[in-house]
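Here is what each chain is made of, one letter per residue.
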Amino acid sequence: MTSARTVRTARPADVTALVDLVESAYRGERSRAGWTTEADLLAGQRTDPDMVAEAVSGPDGTVLVVEDATGIVACCHLERRDDHVYFGMFAVTPGRQGGGLGRDLLAEAERYAREQWHGGELRMTVITQRADLIAWYERRGYVRTGELSPFPYGDERFGVPLRPDLAFETLRKKLG
C-alpha cells in the first residue's frame, strides 16, 4: 500500500461505513460507477449491519480495511476454515475501482493469511455470471475449481435475484 493509505483491522465502530462501502460497490445505481456492480443480477441488499458486525468481531476472522484521508475506501473479510482461508466481502469504492487499490488489498489479504495464520490456500466464491470478475482473479493466480454452490434464493439478506440461474463457483490460490 502507498503511504497515502493505510491498512488496518476493522473495529465495531466501522460497521456502518463498511455496510455503505459494500452496498455502494455492488448494488443500486451508485455501484454502476464501478465495474464490480451486480445491479443487473441482483436487487436489494448485499449485506447488513448484523452480518458485517459478525464478520468484524467473529473469533475466526478479521476484516481488513484500507483507509485514506477520505475514510474507508476498501475492505475484505478473511475467515480461517479447516484447511484454507476464505476471502469475501471484498469491496472498493466505485470511483476508486480500476486504479490498483483492489489488487493491492488482495495481495495484502494473501500476505496476512499466509503470515498471520499460516494459511496455505485462499478460497472464495464468485457468481458464475461475473466472467469479468472471474477473469480478474485468474490474472492474479486464482484457479476455477468447477465446484458450484447454489445462490441462496429466498434469503433476501443476500439480495433479490433478477434471474433464475445464479450460482457461485469456488476459486482458489495456493499461498505457499
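Remember, it's a predicted structure, so these values are computed and weren't measured experimentally.

A.B. asks: Got a minute to help me understand the packing of aromatic side chains in this structure?
C.D. replies: Tallied over the full model, the rule gives 9 aromatic pairs. Geometrically, the ring pair formed by Trp 35 and Trp 136 is tilted, given 6.3 Å between the ring centres and 55° between the ring planes. In this pair, Trp 35 sits in the loop between helix 2 (28–31) and strand 2 (42–43) while Trp 136 sits in helix 5 (residues 131–139), placing the two residues 101 residues apart along the sequence. Where Phe 151 meets Phe 168, the ring centres are 5.7 Å apart and the plane angle is 25°; that geometry is what we call stacked. With Phe 151 in the loop between strand 7 (143–150) and strand 8 (160–161) and Phe 168 in strand 9 (residues 167–174), the pair connects residues that are 17 residues apart, well separated along the chain. According to the relative accessible area criterion, Phe 151 is buried, its value standing at 6%. For Phe 168, a relative accessible area of 19% puts it in the buried group. It is Arg 46 that lies over the ring of Tyr 26; its NZ or CZ is 3.8 Å from the centre. Above the face of the Tyr 86 ring, Arg 81 is positioned so that its terminal group lies 4.3 Å from the ring centre.

A.B. asks: How should the UniProt feature "domain: N-acetyltransferase" (unreviewed entry) in the protein be read in this particular structure?
C.D. replies: According to UniProt, the "domain: N-acetyltransferase" (unreviewed entry) feature falls on residues 5–167. Across residues 5–167, helical content stands at 31% and strand content at 31%; the span's end C-alpha atoms are separated by 35 Å.

A.B. asks: Teacher, can you tell me more about the sheet that holds strand 7 here?
C.D. replies: Note on sheets: strands pair through backbone hydrogen bonds, and any given pair is parallel or antiparallel. Taken in spatial order, the 7 strands of this open sheet run 1-3-4-5-6-9-7, and their pairing is mixed. Among the strands making up the open sheet, the edge pair consists of strand 1 (6–9) and strand 7. Here the average twist between neighbouring strands, direction ignored, is 30°. Here 6 bridges tie strand 4 (residues 71–80) to strand 5 (residues 85–92), and the two strands are oriented antiparallel to one another. Bridge assignment links Glu 79 to a residue of strand 5, and that residue is Tyr 86. Sheet strands touched by helix 4 (residues 101–117): strand 1, strand 3 (61–68), strand 4, strand 5, strand 6 (121–127) and strand 9. Its angle to strand 4, the strand with the most contacts, is close to 35°.

A.B. asks: It is not clear to me how helix 3 (residues 49–57) should be interpreted in this structure. Could you clarify?
C.D. replies: Spacing of three or four residues puts side chains on the same side of an α-helix, whose turn is 3.6 residues. What helix 3 keeps buried is the set Met 51, Val 52, Ala 55 and Val 56. Down the axis of helix 3, the sector holding all buried residues measures 135°, keeping them to one side. Set apart from the buried face of helix 3 by more than 90 degrees, the exposed residues are Asp 50, Glu 54 and Ser 57. Against helix 1 (15–26), strand 3, strand 4 and strand 5 lie the buried residues of helix 3. Structurally, the start of helix 3 carries an N-cap: the backbone nitrogen of Asp 50 is 3.1 Å from a side-chain oxygen of Asp 48.

A.B. asks: Honestly, the pairing of strand 5 in this entry has me stumped. Any pointers?
C.D. replies: For a regular strand, side-chain orientation follows a simple rule: the groups alternate between the two sheet faces. Within strand 5, 8 of the 8 residues are buried, leaving the element largely enclosed by the surrounding structure. Connecting strand 4 to the antiparallel partner strand 5 that follows it, the hairpin turn spans 4 residues. Of the pairings in the sheet, the one linking strand 5 to strand 6 comprises 2 bridges and is parallel in character. Looking across to strand 6, one finds that Tyr 86 is bridged to Arg 123. What joins strand 5 to strand 6 is helix 4, and the crossover it makes is right-handed.

Thresholds, definitions, all that
Residues numbered from 1 in each chain as written. Predicted model: local features only at pLDDT ≥ 70, side-chain atom pairs only at ≥ 80, totals over all residues. Heavy atoms only, no water. Phe/Tyr/Trp six-rings, centres within 6.5 Å; stacked < 30°, edge-to-face > 60°. Helix = DSSP H or I, 4+ residues; strand = E, 2+ residues; numbered from the N terminus. Buried < 20%, exposed > 50% of the residue type's maximum accessible area, 1.4 Å probe, protein only. Lys NZ or Arg CZ within 6 Å of the ring centre and 35° of its normal. UniProt positions renumbered as here; feature names shortened; annotations may be inferred. Pairing = 2+ DSSP bridges. Axes fitted to C-alpha atoms, helices over the stretch in contact; angles between N-to-C directions. Contact = heavy atoms within 4.5 Å. Arc of directions from axis to C-beta. Polar contact = N/O pair within 3.5 Å; in protein donor to acceptor, adjacent residues only side chain to side chain. Right-handed = clockwise from strand over helix to strand, strands pointing away.

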